Amino acid sequence: MVNINLASAVAHPAVVNAQISNAAIIQARAVTAADLETVNQVVSDAVLAWGLPERVHRLATPALNYHAADLAHMSIALLSESNGGGIGVAAWEEASRHQAPADTRAVLLHGLYVVPGYQRMGIGTRLTGLVLQWARDRGFDGVIVRAWRDALPFFSENGFQPSANGNPASQYPQQLWKPVRLPLHDETAMRASADAR
């Protein structure tokens, strides 16, 4: 099982516990096998909003579901209301060499799902920030995502750029990349500046 310390994995404490409205306190937690039913309900609800024909939704959703075996190699975070209702899921794992840009160590954002009633409220951005911070804290160079065409604006707004590793012929027209570490010369300059003070 992959260990996720969500308290140290987020850029801002508000990502872990945030009040979206007067009634909803949002909490993040690492997923266990006991959470998989809630996780997969979030996935199903989010996929419904994609505007797919009912048959495609019915056939595709089981392939997107997460299983206990996934927890052995994948990190999964669940955002939920204080009443336990799931509202968002992010799943990620270390990217293989052929998925990552040359000479980088990357995290692959495998899935990002937000139920329709919470879309456009910053939930996806919070989950993405959690994954970026998790990658940064563990010394990865960046995060890659293979996005559906409809998701490209979201990831662009969150600082992801096209990566040369994308395959235009696939359903994922681009592989996107966001670095989480400064280039070595920038890190060295920042350390030197801090040492001079």
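These numbers were taken from a predicted model, which means no experiment stands behind them. (Residues numbered from 1 in each chain as written. Predicted model: local features only at pLDDT ≥ 70, side-chain atom pairs only at ≥ 80, totals over all residues. Heavy atoms only, no water.)

## So, the packing of aromatic side chains
Here is step 1 of the chain: Applying the stated criterion across every chain yields a total of 5 aromatic pairs.
Here is step 2 of the chain: Taking 5.7 Å as the distance between ring centres and 70 degrees as the angle between the ring planes, the aromatic pair formed by Trp-92 and Trp-134 counts as edge-to-face. Here Trp-92, found in strand β4 (residues 86–94), pairs with Trp-134, found in helix α4 (residues 123–137); they are 42 residues apart in sequence, far enough to count as distant. By the burial criterion, Trp-92 is buried, and Trp-134 matches it.
Here is step 3 of the chain: An angle of 20 degrees between the planes, with centres 6.0 Å apart, marks the rings of Trp-134 and Phe-140 as stacked. (Phe/Tyr/Trp six-rings, centres within 6.5 Å; stacked < 30°, edge-to-face > 60°. Helix = DSSP H or I, 4+ residues; strand = E, 2+ residues; numbered from the N terminus. Buried < 20%, exposed > 50% of the residue type's maximum accessible area, 1.4 Å probe, protein only.)

## With respect to the pairing of strand β5 (residues 106–114)
Here is step 1 of the chain: The element β5 is largely enclosed, with a buried count of 7 among its 9 residues.
Here is step 2 of the chain: Where β4 lies against β5, 7 bridges are found, and the strand directions are antiparallel. Across the sheet, residue Glu-94 finds its bridge partner in β5, namely Val-107.
Here is step 3 of the chain: Sheet analysis places β5 next to strand β6 (residues 142–147), joined by 4 bridges and oriented parallel. Bridged to Leu-108 within β6 is Ile-144.
Here is step 4 of the chain: Between the parallel pair β5 and β6, the chain is carried across by α4, and the sense of this crossover is right-handed. (Pairing = 2+ DSSP bridges. Right-handed = clockwise from strand over helix to strand, strands pointing away.)

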